[in-house]
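# An overview of the molecular structure
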Amino acid sequence: MDKQYSPIGVFDSGYGGLTVLKELKKQLPKYDYIYLGDNARNPYGTRSFETVYQYTLEAIKKLFELGCNLIIVACNTASAKALRNIQQLDLPTIDPTKRVLGVIRPSVEKVVEISQSGRVGVLGTVGTVNSESYVMEFKHTLKTTISVVQEACPMWVPIVENNEIGTDGANYFVEKNLKGILQKDPELDTLILGCTHYPFLLESIKKYIPDHIQIVSQGAVVGEKLIDYLQRHPEMEMRCSKNQTTQYYTTESVITFEERAGFFLGEKLRASHVVL
Ligand code: DGL
């Protein structure tokens, strides 16, 4: 690697962020990427605010050490519970020229653009839902009057992690949670998959919701918004190296990661172990 090597970091608690990485590589193919999955401490969705903040900060520091100047926190739970603190309290002392972006803001901006009825559903982990981050982003940050209902789907991440996608058991939980959110608002016209793992369940999800409901899957949206961000921040764009390489790091077994991540991405890959 040359001295200018400065990949875009993509962080997730496990494999789910690969859905974001895949889209970034598709939409912004010229850049270098580092993917870091904290598989050893996954899931984050049921952990406390303090724990998710500590784990996420450790991962961010490691990605900085590995050369990243720009990091996408691809995990909704970490975006919901840790991102604001990291941006406001930690970055100014670590290095104010570096940037850490999340997935909630781009998803919410996209929904504001596409929802006709202004009635939206958010599916997420218990942590994301309880943090009310999506609700706050709609109401306080973007100051919209969009009505938001939420449903926590605690079984969906284990279904994906354990490769139970499409089984009768998995479909039972997918249907149950979709019925739950539609009962909360039968008029919603847009559904945010507010967890990186959920795009893997897209085919099952489509079976249980009416056709007119639009599904916002984050990978594509984050890619779109990152293109826009880099156009608006040429000083950061210039710092991102462009050799089309991707490195993978995991806090768990490298062999397991290579096998599972390779399956999710549909390609063979080599990973390295990292301690946070
Ligand atoms: N990646 C996390 C998210 O997007 C879900 C997995 C977990 O619970 O760690 O919320």
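The shown structure was predicted, so the numbers you read here are calculated from the model rather than taken from an experiment.

## Section: unusual backbone geometry
The amide bond that connects Asn 42 to the next residue, Pro 43, takes the cis arrangement and shows omega of 5°. By the secondary structure assignment, Pro 43 is in the loop between strand S2 (33-37) and helix H2 (49-65). Within the chain, Glu 132 stands out as a residue other than glycine whose phi angle is a positive 60°. Among the structural elements, Glu 132 can be located in the loop between helix H6 (126-131) and helix H7 (133-141). With a phi close to 60°, Gln 244 is a non-glycine residue in the positive phi region.

## Remarks on the packing of helix H5 (residues 104-114) against helix H11 (residues 218-232)
At a minimum axis separation of 9 Å, H5 and H11 run at an interaxial angle of 95°. Considered as vectors, H5 and H11 are oriented roughly perpendicular to each other. Across the interface between the two elements, Pro 106, Ser 107, Glu 109, Lys 110 and Glu 113 from H5 touch Gln 218, Val 221, Val 222, Glu 224 and Lys 225 from H11. Each residue belonging to the contact of H5 with H11 can be placed in one class, and the counts come to 3 nonpolar, 2 polar and 5 charged.

## Details of the site of the ligand
Asp 12, Ser 13, Tyr 44, Thr 77 and Thr 196 are the nearest of the 14 residues found near the ligand. A distance of 3.2 Å is found between an oxygen atom of the ligand and a side-chain nitrogen or oxygen belonging to Asn 42. Out of a free accessible area of 290 Å², the ligand has 99% covered by protein chains. Looking at side-chain class alone, the shell around the ligand contains 5 nonpolar, 8 polar and 1 charged residues.

Conventions and cut-offs
- Residues numbered from 1 in each chain as written.
- Predicted model: local features only at pLDDT ≥ 70, side-chain atom pairs only at ≥ 80, totals over all residues.
- Heavy atoms only, no water.
- Helix = DSSP H or I, 4+ residues; strand = E, 2+ residues; numbered from the N terminus.
- Axes fitted to C-alpha atoms, helices over the stretch in contact; angles between N-to-C directions.
- Parallel < 35°, antiparallel > 145°, perpendicular 65-115°, else oblique.
- Contact = heavy atoms within 4.5 Å.
- Nonpolar A, V, L, I, M, F, W, Y, C, P; charged D, E, K, R; others polar.
- Near = heavy atom within 4 Å.
- Polar contact = N/O pair within 3.5 Å; in protein donor to acceptor, adjacent residues only side chain to side chain.
- Areas by Shrake-Rupley, 256 points an atom, 1.4 Å probe, with all protein chains shown as cover.

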